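# Secondary and tertiary structure notes
Spelled out, the chains give:
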Amino acid sequence: MKDRSANSYDLKDAQQILATLAPSTGTSARPKPLADSPPEYLRLSMEFSAQKASRIAVQPGADLKTVAVTAENNQPQNFTTWESCIAWCMSTIRAEAAFVVDSQGFIIASRGRVPSQGFEGTGAELVCSVEQLERVAPDAGKLLWVDLDFDKRRVVAFITPSESSEYFVVGFIAPDSAFHSLKQHVTNQIIDNLPHLD
Amino acid sequence: MANIVSIVSSKGGTGKTTVALNLAVALAEGGDRVLLIDADPLGAIGFSLAQSDTEWMGLAECMMKKATLDDTIIQTKLPALSILPRGRLDPLDVAIYEELLASSAALSEIVSAVKEKYRYVIIDTPSGLGQITRAALSVSSYALIPLQAEPLAVRAISQTLRVLQHIKEHENSDLNLLGILATMVQLNKDVSFNIMNTVWASLDGVLETYIPRADIFHVASEKGVPVAFLSGKYPPEAIRFELLATEIKDIIQGLGGVIGEVDERPQRQLI
């Protein structure tokens, strides 16, 4: 026999929304719509600052231009300086700022919205962290990328692979949400150009 | 003027692509000119028609201005049905594709360019309520929600409706709910039967037509054709989509949409 008893589905919200979506007949009073933000929902869009939101948003009208830039950026690049390299990286992953630090912890290039305290501290801490982070998974090979999600912004860094103890850390501040899909491309471009970079 | 219908669902696996494809075929077989747009980054329409991932140019190339609409819209062997495929999108670029499609005016421009040429534009969207689904809803006049007759789908229906309500109130006041279409229904199974009882009793807007779970959809998918195009006896599932097309036309007409020529006939004498 079929069980037609009460079920476990809470369809109150769905019923209320459907009532608001029904075409108006002009005579019947429309039910009061649900509050825009029911308390049980976490509105991530409200959590982000307006500054962050405006940075992430692609401006209307500039979209196809951005597409063109992205397409150009897919071509192999030839860099002779770290400055030109991080400039290209920043435009590709739309980061707010970028820097390069050597394995001694010295900043050798920076670009973009540099914080008042500079990148010295960030760069030095990243260099110190590389060795420790590699201990997390000793059999996983050399550490290539560090991706840190802080509550205000994301900081990511690429560690250039090297046989010796000399390496560079290329840091990016607040790359955009499409960053992950471009990671491999950025990796390849930096590694390909590494022998010529000054 | 075309009726723009987005097929949307927060949950995956509800049969959006199957509904989009077979509904488009049913409408076109009825004589209406139909454009089926594959806005799903997966390119599920192409896969349903057994095409490889890089077979067709489409939406991606149009958006990048690498091809025109005329170059990319495919005229099918069904004269009234055309398809705008997803395009040769690199799977690694899906995140960029989603962001660009949502933030640019590409979809809106495409719809504007074709709406005088077709009676129906069906947009197949990806699962979930992300940027592409919202972009599709923002340019649509109607939304059709496939609801898989199983518990998780019923529990998630409010999510889809909430986004629909938000888009209608804040972005596109012309958007109407066409209906909730129960799919993969198995009335001989207790769970499915109870769910259908629940949704029919509890929710407004559930369409009378429903789509049963049937192996023939897998057979059609394997052969890369809509169910109506399989050889042999005309399948009852294809008739379901004809009924769905008729029901949808009635709803659109009731909502003030244009459905083209109505099948009006003079009174006749039988004897």
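Below is a short write-up of the structure. (Residues numbered from 1 in each chain as written. Chains lettered and ligands numbered in written order. Predicted model: local features only at pLDDT ≥ 70, side-chain atom pairs only at ≥ 80, totals over all residues.)

## Structural notes on the interface of chain A and chain B
- Contacts between chain A and chain B engage 26 residues on the former and 31 residues on the latter.
- Among the secondary structure elements, those contributing two or more residues to the side of chain A that touches chain B are α1 (12-21), α4 (63-73) and α7 (179-193) of chain A.
- No other element matches the eight residues that α1(A) contributes to the side of chain A that touches chain B.
- Of the residues contributing to the side of chain A that touches chain B, the split by class is 14 nonpolar, seven polar and five charged. (Contact = placed C-beta atoms within 7 Å. Helix = DSSP H or I, 4+ residues; strand = E, 2+ residues; numbered from the N terminus. Nonpolar A, V, L, I, M, F, W, Y, C, P; charged D, E, K, R; others polar.)

## Looking at helix α1 (residues 16-29) of chain B
Residue and element names in this part refer to chain B.
- Compared with an ideal rise of 1.5 Å per residue, which puts 14 residues at 20 Å, α1 spans 20 Å between its outermost C-alpha atoms and is within 8% of the ideal.
- Buried residues dominate α1, accounting for 14 of its 14 residues.
- After α1 finishes, the residue Gly-31 shows a positive phi value of roughly 105°. (Expected span 1.5 Å × (residues − 1). Buried ≥ 20, exposed ≤ 12 C-beta atoms within 10 Å, placed from the backbone.)

## Topic: α7(A)
All names here are of chain A.
- With 15 residues, α7 should cover 21 Å at 1.5 Å per step; its first-to-last C-alpha distance of 20 Å lies within 8% of that length.
- In the structure, α7 departs most strongly from a straight axis at His-185, where the bend amounts to approximately 25°.
- Residues of α7 that are buried: Leu-182, Val-186, Gln-189 and Ile-190.
- Structurally, α7 contributes buried residues whose contacts are with α5 (82-93), β4 (154-159) and β5 (168-173). (Bend = angle between axes of the 7 residues up to and from the residue.)

## Considerations on the packing of helix α7 (residues 131-138) of chain B against helix α8 (residues 151-170) of chain B
All names here are of chain B.
- Running from N to C, α7 and α8 cross one another at 45°; their axes reach a closest spacing of 10 Å. Here α7 lies oblique to α8, going by the angle between them. Crossing hand, α7 versus α8: right-handed. For the pair formed by α7 and α8, the contact residues are Arg-134, Leu-137 and Ser-138 on the first element and Val-163, Leu-164 and Ile-167 on the second.
- Classifying every residue of the contact of α7 with α8 by side-chain character gives four nonpolar, one polar and one charged. (Axes fitted to C-alpha atoms, helices over the stretch in contact; angles between N-to-C directions. Parallel < 35°, antiparallel > 145°, perpendicular 65-115°, else oblique. Left-handed = near helix turned anticlockwise from the far one by under 90°.)

The values reported here are purely geometric and, on their own, carry no functional implication.
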